[in-house]
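What the coordinates show
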Amino acid sequence: MSETYIEETTEAALTVASRLGINRREFMQFCAATATTLGLPTGAEAAIAKAVEKARRPSVIWLHFQECTGCSESLLRAEHPTLEKLILDVISLDYHETLMAAAGHQAEAARKSAMKANKGKYILVVEGAIPVKDNGIYCKVGGHKAIDIVKECAADAAAVIAIGSCASWGGMPSTEPNPTGASSVGDVLGKPVVTIPGCPPNPYNFLATAVHFLTFGKLPDVDQLGRPKFAYGRIIHEHCERRAHFDAGRFAMEFGDEGHRKGYCLYKLGCKGPETYANCSTIGFGDAGENNWPVGCGHPCIGCTEKGVGFAKPIHQTAVLKGMMPPASYPRIVEEQGKASFAAAAALAAIAGAAAGGAAMLAKNLGKQDEAQPRQKGE
Amino acid sequence: MDRRNFFKASLAGGAALATGAASCPAQARSNKDMPPEAVGLLFDSILCVGCKACVAACKEANGMPPEFSTQEQYWDTPLDISGKTLNVIKAYRHGSLATKDSEENGYAFVKKSCMHCVDPSCVSACPVSAMQKDPKTGIVSYDKEACIGCRYCVAACPFGVPRFTYDKAIPQISKCQLCVHRHKDGKYAACAEVCPTGATLYGKVSVLREEAKRRLAMKPGEKAEFPRGHLRAAQEKQLQGAPEGKGEMRRKGWKDESGQAYPNVAGKYLDHLYGEKEFGGTQMLMLSGVPFEKLGYPDLPPQSDAALSETLQHSLYGGLIAPIAVLGALTFIARRNVRPEDEEGGQNG
Amino acid sequence: MANHTHAPAPLGGNLFTPFTLLLGMLSVIAGVILVYRFFYGLGAVANINDGFPFGIWIAYDVVVGSAFACGGYAMALLVYIFNRGEYHPLVRPALLASLFGYTLAGASVIFDLGRWWNVWHIFWPGYAQVNSVMFEVAVCITAYIVVMWIEFSPVFLEKLGMKDVKQKLNKLLFFIIALGVLLPSMHQSSLGSLLVIFGQQIHPLWQSGAMLPLIYLMTAILLGFAVVIFEATLSSTGFGRPLETKVLTPLSKIMVGLLAAYVAVRILDLVFRGAFGTAFSGTLEAGMFWLEMAAFVVPLVLLAPAAARRSASKLFVSAVMLMVGGMLLRINGFLVGYETGAGWHYFPSLAELMVTVGLIAFEILAYIVIIRKFPVLPAAQPVTR
């Protein structure tokens with residue numbers, strides 16, 4: 001099936017590929033990778049390819065508030081294929097303070113015109129938390145308070161995506177005692193938005209969400225915290241490459257010890273993998289190859305995607321295990337142990353039978369003698 | 001003659017039995033007492049996350065081989081303690097497994113290893129003193145050089161702890177000895193040392209009992225500090241933390257324990273400290289949210305089996321008084337009844 | 001009662017019959033299995049495990065085996081202690097069976113010991129642990145085996161013509177006999193005491209606590225009588241000799257009296273401990289209990305009428321049933337009623353079973369050889385009356 005789809009799309013794919021400066025094979029690989037990240041069935045890459053080829057690039061308005069731009073930076077470093085080209089071509093990034101050439105009033109004008117031109121159709125991406133304390137005076141862009149800008153932009157957006165932990169749930173700026181009242185986009189808008197938490201979030205999770213919108217015209221399924229289920233549906237611990245060590249009880253006890261060097265589980269060093277929902281353990285991070293994510297490098301997960309864990313709990317504090325149902329391999333309280341052999345049971349039955357038979361025969365013969373005796377007496 | 005002898009025999013036998021019975025109260029023994037310096041473990045099922053670090057550490061510390069229960073023999077997967085495994089974490093499962101430490105639709109983890117009874121059956125049962133209870137630490141240890149391999153200890157233990165290597169031509173008993181071989185290096189039980197959550201604590205039983213009582217007094221959900229590793233009494237901690245000698249202690253292998261406590265919330269404990277009274281007391285104490293019988297720990301009476309067995313044995317054989325008395329009576333009777341050359345064939349009518 | 005002339009004499013006859021050859025073969029098979037066991041460990045041949053550390057090699061070979069070998073003890077008790085000389089003809093054959101039974105029970109302990117080369121520790125002051133029931137059992141059984149060999153030595157001394165030694169020994173025989181009564185009383189009761197320390201691991205139907213020594217001692221003596229009847233009947237029919245019913249009938253009267261006492265003790269113990277209810281629970285244990293009780297109660301009913309005790313067949317059937325009952329009491333106590341924790345299973349392996357069968361075969365074979373070559377059985381006489 002998928003083969004046919006790819007054949008059908010070959011012409012168009014070539015066009016897009018040339019436009020993106022990559023070859024057709026790389027383009028199809030990107031589509032397939034995205035489909036996999038989204039957890040879509042085989043064949044979906046064709047649909048993704050089609051959607052991307054159409055070049056009906058949605059307008060994207062990208063706002064920055066209380067943040068470090070790490071989310072944008074990590075997005076720019078996604079490399080298969082050269083994603084910065086792709087995102088700039090797949091989407092029409094009409095407003096992004098750190099990437100756009102325009103500045104000052106010109107930039108603000110670009111935002112206004114994009115909002116007007118794509119009213120009800122554009123995607124609003126928010127990076128960073130929004131301060132609400134003291135009427136939100138702690139963050140202003142172009143003289144406008146963050147809280148006002150986000151409300152203004154969200155009003156006519158087709159979809160709102162909060163990228164990074166700051167926008168998703170307050171992140172680092174909201175850490176106790178939270179002097180600016182840093183809040184999430186969802187809290188400020190008073191409605192649930194799609195969130196891509198992480199510090200920074202994995203670029204592919206954002207990209208896959210955007211491509212999903214492009215392909216299917218809607219955002220992917222999300223959990224109760226607005227996180228796309230394809231990326232945040234499971235605990236890091238569940239698919240961790242070090243999980244086997246956890247199950248076998250092999251732990252790094254301190255940094256640099258034998259267990260640490262051997263790649264044992266980092267739970268005892270405070271790894272928050274067991275209480276953090278994210279797909280880091282399955283897709284890695286930063287395109288530098290296998291094992292390139294914090295736990296893979298030997299540092300415990302700090303739970304950056306998880307509200308109440310990242311920036312809230314001390315890094316080396318023991319994690320609370322979520323959903324720690326005992327694996328099937330764990331011994332039960334009662335295990336059936338010991339052998340019983342059928343041959344032995346049969347042999348024992350045979351012996352018992354023979355003995356009983358012999359005894360019965362003998363008793364019968366003795367009985368005859370008993371009967372004979374009184375008769376003898378009588379005679 | 002016959003009748004007279006019969007009565008004589010009966011009387012002698014009765015007298016001998018009476019001697020035995022009379023010595024009974026004097027010989028009766030109650031449960032033994034816990035040595036004041038006894039050490040042990042406190043296992044808290046609610047804190048246990050089932051990581052099995054203690055199982056792996058135990059194997060390493062005691063040089064035990066891996067044991068496989070799965071088709072793929074990737075790593076150690078013992079089903080129970082055995083000749084190759086001294087310590088195991090077992091999982092209680094019920095229904096949907098929704099809640100940890102819940103009896104209904106929940107799950108829980110439990111440690112299985114030697115309980116180090118105050119009055120151990122294995123020590124009482126062993127005919128050759130291969131099982132010994134240390135008079136100071138109370139650790140129940142095993143000497144394979146003394147052992148004859150009769151496995152009476154295996155059969156006698158109510159917890160099924162001493163295990164035997166049936167697959168060896170030169171077999172032996174395997175049981176937890178609280179890593180007594182590591183004590184000279186200043187180390188303690190490996191299971192407690194590696195436990196990431198402090199679910200298994202090592203320490204003096206008196207200190208562990210206090211800690212257990214502290215946990216039982218907590219309200220569920222209450223925030224509290226939970227110690228890990230080796231739990232010491234308050235005055236011992238001061239000594240340990242003193243600047244002088246600390247370096248020396250470190251060179252000896254002691255780790256600074258002060259940073260081992262961590263914040264957590266109290267769970268919903270059953271008001272039952274297992275091992276406090278059971279079987280005359282054990283040096284491994286346990287706390288749980290699920291009834292212990294569901295976790296494979298039998299509901300045992302406060303009297304140890306060793307007490308009854310030894311009372312009975314000493315009543316009958318104490319000082320060999322009764323056997324010698326009976327032997328005397330039997331000799332007296334036999335002497336009258338046995339004729340040289342056994343010619344008594346037709347003596348009686 | 002007429003006097004019997006019962007000077008023992010060798011039976012003579014051919015040693016090589018199909019039956020003895022079969023016994024020899026079974027013994028050899030057991031020997032081969034045991035060689036294998038010593039090289040590859042207990043687990044290589046036996047199904048014993050940590051849930052059932054004692055298998056049939058202990059429960060049957062030692063506990064039941066030694067109880068079956070109580071004929072000598074029971075007869076010595078009767079003849080020399082209660083001065084019932086009329087049973088004297090039964091003493092020697094019973095003693096021989098006991099000798100073999102005990103010697104093999106003792107030997108089979110070695111097969112079952114994991115670290116058998118240390119067995120001397122039991123008798124060594126630095127190791128011996130007097131609180132252990134196992135210690136008492138081991139020492140008593142060993143001592144009794146020695147005592148029995150001394151008791152039986154006149155038979156060999158007769159054959160070897162060492163009259164001097166025999167006469168000297170005879171002067172001390174009363175003491176040896178007293179020991180030969182004391183020692184089995186001690187260890188047969190202690191075989192029951194072995195279960196005391198198992199505590200609640202033993203099903204309440206068999207965990208009689210302080211009553212265990214009495215229960216095991218009573219059944220050991222009962223089994224002694226039963227085995228004497230069984231052996232006398234078998235050797236009479238097997239070797240074509242006249243039946244000894246005349247001697248067995250009064251013996252059975254004593255046996256029935258003891259049996260009634262035992263059944264009463266057993267049931268009263270269950271009732272007083274409040275364990276009798278578990279006999280109606282429909283479990284395997286309850287079923288085995290009723291089987292065991294039936295094996296004791298049926299002979300009691302069967303032999304109650306005086307006339308029945310004159311019937312060789314009823315005597316034989318009762319003896320067999322009592323042996324089954326005594327065996328069940330011990331098997332039930334040590335195996336069926338034993339549970340160290342849920343989930344453990346045990347059933348002897350074929351190899352394990354063959355060792356036990358081989359031991360029994362060897363015992364019978366040795367018995368046949370001895371009575372054919374040595375003066376054990378009373379010299380053959382015409383059937384009187």
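These numbers were taken from a predicted model, which means no experiment stands behind them.

1. Quick notes on helix 2 (residues 56–68) of chain C
- Given a rise of 1.5 Å per residue, 13 residues ought to cover 18 Å, yet the end C-alpha atoms of helix 2 of chain C are separated by just 15 Å, more than 12% below that figure.
- Counting buried residues in helix 2 of chain C gives 13 out of 13 residues, a clear majority hidden from the surface.

2. Here's the deal with the side chain of E352 of chain C
- Structurally, the position occupied by E352 of chain C is in helix 11 (residues 350–373).
- No salt bridge is formed by the buried E352 of chain C, whose closest oppositely charged neighbour, R151 of chain B, lies at an N-O distance of 7.7 Å.

3. Some words on the sheet that holds strand 3 (residues 99–100) of chain B
Residue and element names in this part refer to chain B.
- A sheet is described by the order of its strands in space; here three strands give the open sequence 2-4-3, paired in mixed fashion. Both outer strands of the open sheet, strand 2 (88–93) and strand 3, are each paired with one neighbouring strand and no more.
- Relative to strand 4 (residues 106–112), strand 2 is paired through six bridges, and the arrangement is antiparallel. Note on strand 4: the bridge partner recorded for V88 is K112.

4. Focus on the packing of aromatic side chains
- Using the criterion set out here, one finds 35 aromatic pairs over all chains in the structure.
- Taken together, the ring pairs in this structure connect Y152 of chain B together with F52, F54, F198, Y338 and Y346 of chain C into an aromatic cluster.
- The cationic tip of R214 of chain B hangs over the ring face of F226 of chain B; the distance from NZ or CZ to the ring centre is 5.9 Å.

5. Quick word on the interface of chain A and chain C
- Contact residues are listed per partner, giving 21 residues for chain A and 26 residues for chain C.
- The largest per-residue losses of area from chain A upon contact with chain C belong to Q337, K339 and L366 of chain A, which jointly make up 27% of the total buried on that side.
- For the pair chain A and chain C, the interface holds zero salt bridges.
- Looking at side-chain class alone, the side of chain A that touches chain C contains 12 nonpolar, five polar and four charged residues.

6. Quick word on the interface of chain C and chain B
- Taken together, the 70 residues of chain C in the interface contact 71 residues of chain B.
- Around 5900 Å² of area is buried between chain C and chain B when both sides are counted, 58% of it from carbon and sulfur atoms.
- Among the residues chain C hides against chain B, the three largest losses belong to D50, R115 and I197 of chain C. Together they make up 14% of the total.
- At the surface where chain C touches chain B, the tally comes to one salt bridge.
- Two residues, D112 of chain C and R151 of chain B, come together in a salt bridge whose shortest N-O distance is 2.5 Å.
- Joining chain C to chain B, the criterion identifies 33 residue pairs in polar contact (both at pLDDT 80 or more).

The rules behind these values
Residues numbered from 1 in each chain as written. Chains lettered and ligands numbered in written order. Predicted model: local features only at pLDDT ≥ 70, side-chain atom pairs only at ≥ 80, totals over all residues. Heavy atoms only, no water. Helix = DSSP H or I, 4+ residues; strand = E, 2+ residues; numbered from the N terminus. Expected span 1.5 Å × (residues − 1). Buried < 20%, exposed > 50% of the residue type's maximum accessible area, 1.4 Å probe, protein only. Lys, Arg positive; Asp, Glu negative; His and termini not counted. Salt bridge = Lys/Arg side-chain N within 4 Å of Asp/Glu carboxyl O. Pairing = 2+ DSSP bridges. Phe/Tyr/Trp six-rings, centres within 6.5 Å; stacked < 30°, edge-to-face > 60°. Lys NZ or Arg CZ within 6 Å of the ring centre and 35° of its normal. Contact = heavy atoms within 4.5 Å. Buried area = accessible area lost by both parts, 1.4 Å probe. Nonpolar A, V, L, I, M, F, W, Y, C, P; charged D, E, K, R; others polar. Polar contact = N/O pair within 3.5 Å; in protein donor to acceptor, adjacent residues only side chain to side chain.

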